[in-house]
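Summary of the model geometry
Residue strings, one per chain:
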Amino acid sequence: MIERRVKAKPVNIETRADGVRVISGYAAVFYDPTDPGTEYEMWEGCCERIAPGAFNRAIAEQQDVTCLFNHDGDAMLGRTTSGTCRLSVDGVGLRYEADIPETTDAKDCAILIQRGDVSGSSFAFSARSVNWMTEDDGEEVRVLIDVDLHDVGPVTHPAYTSTTTSARDAMASLEAERKELAEQRKIEADRVSVALAMKRG
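What counts as what
- Residues numbered from 1 in each chain as written.
- Predicted model: local features only at pLDDT ≥ 70, side-chain atom pairs only at ≥ 80, totals over all residues.
- Heavy atoms only, no water.
- Helix = DSSP H or I, 4+ residues; strand = E, 2+ residues; numbered from the N terminus.
- Buried < 20%, exposed > 50% of the residue type's maximum accessible area, 1.4 Å probe, protein only.
- Contact = heavy atoms within 4.5 Å.
- Areas by Shrake-Rupley, 256 points an atom, 1.4 Å probe, with all protein chains shown as cover.
- Pairing = 2+ DSSP bridges.
- Axes fitted to C-alpha atoms, helices over the stretch in contact; angles between N-to-C directions.
- Phe/Tyr/Trp six-rings, centres within 6.5 Å; stacked < 30°, edge-to-face > 60°.
- Lys NZ or Arg CZ within 6 Å of the ring centre and 35° of its normal.

**Overview of the overall build of the protein**
Summing up its helical and strand segments, the protein has three helices and eleven strands in all. Each helix (α) and strand (β) of the protein, taken in turn from the N terminus, gives the series β-β-β-β-β-α-β-β-β-β-α-β-β-α. Among the 201 residues that make up the protein, the fraction classed as buried is 38%. Within the protein, residue pairs in contact and separated by at least 24 positions form 68% of the contacts whose partners lie at least 6 positions apart. Summing over all exposed atoms, the protein offers an accessible surface of approximately 11,000 Å²; the carbon and sulfur share of this is 50%.

**A closer look at the sheet that holds strand E3 (residues 21-29)**
One open sheet accounts for four strands, arranged E2-E3-E9-E8; its pairing is antiparallel. At either margin of the open sheet sits one strand with a lone partner, and together these are strand E2 (12-15) and strand E8 (85-89). Across the sheet, the mean angle separating the axes of adjacent strands is 25° when strand polarity is ignored. Sheet analysis places E3 next to strand E9 (residues 93-99), joined by seven bridges and oriented antiparallel. In the strand pairing of E9, Val22 is matched with Asp99.

**Considering the packing of aromatic side chains**
One pass over the structure, following the stated rule, counts three aromatic pairs. Relative to Phe123, the ring of Phe55 has its centre 5.6 Å away and its plane inclined at 85°; by these criteria the two rings are edge-to-face. Placement of Phe55 in the loop between strand E5 (46-50) and helix H1 (56-60) and of Phe123 in strand E10 (residues 120-134) is noted, with a sequence separation of 68 residues between them. Clustering of aromatic rings is evident, with ring pairs tying together Phe30, Phe55, Phe123 and Phe125. Sitting above the plane of the Tyr31 ring, Arg49 keeps its charged end 4.0 Å from the centroid.

If you want it as structure tokens, here you go:
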């Protein structure tokens, strides 16, 4: 299942010493308990956080990640396998930069960024490892531990960019994931209870 998240971190246009113009920004940010904007509300009573290290494997494996405008495969800005898109991780999150190609879509995107019309970034991913936990206030939290990356890039709106149907399918899958984990926890708790009872007996 491919999921998409959007963060309203600033997107920048820079010019390198060699004259190449570059789009850069943070496609994702790690959870910071002092910053409410670093968690994503999935639905009421449930949020998602990204753990530091979630992107390490994907980057180490040099996964084929495209830089797209609005997740549109026809509006490509760069690609990691060609070296025109580069990914890195720091204390903030997943940073990307892409050399702006001489295409109409890329030039239009750059103009919109410079005007301030486009200010958010997004990433598409498939979760490989997640951890569900419940806060003291009852809120459920999904923590992304390890993900595969598909694309990164600037986006127009800080919201899901998939269709309504796709978004519903994603939510249904996540709810099933949560219920499965809850069932696993219950089974494990029952095993511990039985083991303790046998030990006492």
